[in-house]
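Fold and geometry: a report
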Amino acid sequence: MEDLQIWSVAVDPSDSDTIFAGTRPNAFRSKDGGKSWEHLDIGVIDPCPIGTARTTNIIVDPRNPAEKPCCDGMAWRITSGL
């Protein structure tokens, strides 16, 4: 994730080694406390009608750790199957 602007960060409350980072225009996930990162295809359109797309909010649902909604103006759902 070098050279990427980080716009948001969220930690899975059920697994502190799982971290999500919102960038421009996508999101990434680490399952090892930030040592390595994988790109998540959350379907953000770039360019978007209002400028450069950014993932400005990531929310991890503590009631349902198997599903992690990711928000960027619209709701994008990230499931644990990614």
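Residues numbered from 1 in each chain as written. Predicted model: local features only at pLDDT ≥ 70, side-chain atom pairs only at ≥ 80, totals over all residues. Heavy atoms only, no water.

1. Quick word on the sheet that holds strand β2 (residues 19-22)
Spatially, the four strands line up as an open sheet ordered β1-β2-β3-β4, and their pairing is antiparallel. The open sheet is flanked by β1 (8-11) and β4 (38-40), the only strands paired with a single partner. Across the sheet, the axes of successive neighbouring strands diverge by a mean angle of 25°, strand direction being ignored. As paired strands, β1 and β2 are joined by four bridges and run antiparallel to one another. Pairing of Val9 across the sheet is with Ala21, part of β2. (Pairing = 2+ DSSP bridges. Helix = DSSP H or I, 4+ residues; strand = E, 2+ residues; numbered from the N terminus. Axes fitted to C-alpha atoms, helices over the stretch in contact; angles between N-to-C directions.)

2. Some thoughts on a nonpolar patch on the surface
Together, Met1, Leu4, Ile6, Val9, Val11 and Trp37 line one region of the surface with nonpolar side chains, adding up to about 480 Å² of accessible area. On the accessibility criterion, Ile6 (41% relative accessible area) is partly exposed. (Patch = residues over 30% accessible without salt bridge, like charges linked within 9 Å, V, L, I, M, F, W, Y side chains within 5 Å. Areas by Shrake-Rupley, 256 points an atom, 1.4 Å probe, with all protein chains shown as cover. Salt bridge = Lys/Arg side-chain N within 4 Å of Asp/Glu carboxyl O. Buried < 20%, exposed > 50% of the residue type's maximum accessible area, 1.4 Å probe, protein only.)

3. Brief notes about the pattern of salt bridges
Applying the stated rule across the entire model yields one salt bridge. In this structure, the salt-bridge partner of Glu38 is Arg29, at a minimum N-O distance of 3.1 Å. For Glu38, a relative accessible area of 30% puts it in the partly exposed group.

4. Concerning the environment of Leu4
Turning to its location among the elements, Leu4 is positioned in the segment before β1. Exposure remark for Leu4: the relative accessible area of 33% places this residue in the partly exposed category. For the pair Leu4 and Pro25, spaced 21 residues apart in sequence, the C-alpha separation works out to 9.5 Å. What Leu4 contacts, discounting residues up to four positions off in sequence, is Thr23 and Phe28. (Contact = heavy atoms within 4.5 Å.)

5. A few points about the side chain of Thr23
You can see Thr23 is positioned in the loop between β2 and β3 (27-30). Excluding its chain neighbours within four sequence positions, the residues that come into contact with Thr23 are Leu4, Gln5, Ile6, Trp7, Phe28, Arg54 and Thr55.

6. Let's talk about the pairing of β3
Burial of β3 is two-sided: the residues Ala27 and Arg29 facing one way and the residues Phe28 and Ser30 facing the other way are all buried. By the bridge criterion, four bridges tie β2 to β3 in an arrangement that is antiparallel. Note on β3: the bridge partner recorded for Phe20 is Arg29. As consecutive antiparallel partners, β2 and β3 are separated by four residues. Relative to β4, β3 is paired through three bridges, and the arrangement is antiparallel. Bridge assignment links Ala27 to a residue of β4, and that residue is Leu40.

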